[in-house]
Amino acid sequence: MPVLKAAKGTRDISGSELASRAVVIARLTRVFQLHGGQPLETPAFERRDLLLDKYGDNAKLVYDLADQGGESLALRYDLTVPFARHVAQRGAGVLRGFQVGRVWRRDQPQPSKGRYREFSQADFDIAGVASILADVEVVSVLSTGLSSLDVPVDIRVNHRSLLQAVMNASNVPAHLFKETCSSVDKMDKLSWDEVRAELIAKGLSRDSCETLRAYVTLKGAPKDLLSKLEQRLPYDASELKSFFGHLEAAGISATLDLGIARGLDYYTGVIFEAIPRAGGPSVAAGGRYDNLIGSLGNFASPAVGVSFGVDRLVPLVQSQVVHGPTAYVVSAGLGVSVQDRMRLATELRENGVTALYTLKDSPSLTHQLQQATQAGAALAVIIGAEELRTHKVTIKDLNEGTQWGTCRTMVVDACLNKQIVKSHDSGCAGNFPEQVWYKA
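How each quantity is defined
- All residue numbers refer to positions counted from 1 along the written sequence of the respective chain.
- Note on the predicted model: pLDDT of at least 70 is required for a residue's local features to be given, and 80 or more for side-chain atom pairs to be given and counted; whole-chain, interface and lining totals, by contrast, use all residues.
- Side-chain numbers here rest on the full set of heavy atoms in the structure, without hydrogens or water.
- Counting from the N terminus, the helices are DSSP H or I runs at least four residues long and the strands are E runs at least two residues long.
- Our radius of gyration is a C-alpha quantity, and the globule rule it is checked against amounts to 2.2 Å times the number of residues to the power 0.38.
- Accessible area is worked out with a 1.4 Å probe on protein chains only. A residue is then buried under 20% of its type maximum, exposed over 50%, and partly exposed in between.
- Contacts are assigned to residue pairs with any non-hydrogen atoms lying within 4.5 Å of each other.
- Definitions used throughout: a 1 Å grid over protein atoms alone; a cavity as a set of points that fits a 1.4 Å probe which cannot get out; a pocket as an open set with protein on both sides within 12 Å along at least five of seven lines; a lining residue as one with an atom within 4 Å of a point.
- Grid points are joined across faces, edges and corners, and a volume is the space filled by probe spheres set on the points.
- Classification convention: Asp, Glu, Lys, Arg as charged; Ala, Val, Leu, Ile, Met, Phe, Trp, Tyr, Cys, Pro as nonpolar; all other residues, Gly among them, as polar.

**Here's the deal with the overall build of the chain**
- Regarding its fold elements, the chain presents 16 helices and 18 strands.
- For the chain, whose C-alpha radius of gyration is 29 Å, the value lies well above the compact-globule estimate of 22 Å for 440 residues.
- If you line up the chain on its principal axes, its C-alpha atoms span 90 × 55 × 45 Å.
- The buried share of the chain, taken over its 440 residues, is 47%.
- Counted over contacts in the chain with a minimum sequence separation of 6, partners at least 24 positions apart contribute 64%.

What follows is the structure, given as structure tokens:
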């Protein structure tokens, strides 16, 4: 017998978590559209040679697939390289594109930190624009997207050229620049001792490591920190100053953080991450990658983009997502057919209320109420022969255990608004005296 469990680093997603995921994707998609994004969908796998030289140390995390019909393939590691391949094939013009999809990494899973081998990303990219204004626009998408989800974050920014100046000052050999960035990028999940050990194993001296540490632990207000760095490093900070000035004009707050390294090989300019103020790993990140598209073919194009970690965002918004109440239609006693239950459930569903009923022909009242509780229904809407005759229903609050009679015509509005009308016995066919609204 096979072992009944999901593959390592993967999981089943259901219920409220899946509903919350749909909300995250819908809100991010709307933000992408408001910024002029055009939808794109790329295949789950790409040619292996297209992927393996784009991720530096992380290339070992790419899932190789068996040769299929003469093509060596691999599951996509992110959505950026497939986007770049699409632009390179397309061949010209400015493109604002967005896509949502699953990616795969052969990493060590850490579910408590939101790290899986299979997860979903939502990306927004601008290709064909070299101006720093495109970087500002993408960070605006990041800020607006997370605001739409009511997730407070700190946006932390760095620049690959500033990192290069730091590496030079730390006597990091030029051929180890990308490998060093990859190690520095792990500072949010490894101790400095572990990062240093990794750097030494790559060939850095202890003195270089300590000088590097003094720089990459710096973060603060951009204007002040850039002024101090220009005094210590041979570095022209004009582009970063312009970038932060534009962000400030757009009402976006950001911090300069020299520990942001983005360990992927393809980044060339501004890089950034969004860290939840409540703690935890980054929920969105990106940067400029001007050489990636050109490396895939004869057509070169500058580009910048941001990627949102959908799976990391879901737990942060799950408590905000309000799901409508589920009503369980219950028949009581003789004279009420399954068709009566079906008609009422259909009416509720057509008006946006989740409605269930037992699929047994002649169920007992006890059985139906048990089924309603197991289904997580908030309300039981009970119809009996007397209710049919007087155009009423009995409603039972399954959480509080209270119940009351109300007019049949008020059921839909009552369920949608989580408010139930209590009325007296008189005139439920059309006259509703002495109505009292009850908030469930």
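**Quick word on empty space enclosed by the protein**
- Counting across every chain of the model gives 1 cavity of 30 Å³ or more.
- Considered as a void within the structure, the largest cavity measures approximately 70 Å³ in volume.
- Surrounding the largest cavity, Gly9, Thr10, Arg11, Ile13, Arg21, Arg102, Tyr116, Glu118, Phe119, Ser120 and Asp311 form its lining.
- If you tally residues by element for the lining of the largest cavity, the top one is strand E5 (residues 118-127), at 3 residues.
- Class assignment for the residues of the lining of the largest cavity results in 3 nonpolar, 3 polar and 5 charged.

**Regarding the environment of leucine 4**
- Inspection of the secondary structure puts leucine 4 in the segment before helix H1 (15-34).
- Considering only alpha carbons, one finds leucine 4 and glutamate 210, 206 residues apart in sequence, at a separation of 49 Å.

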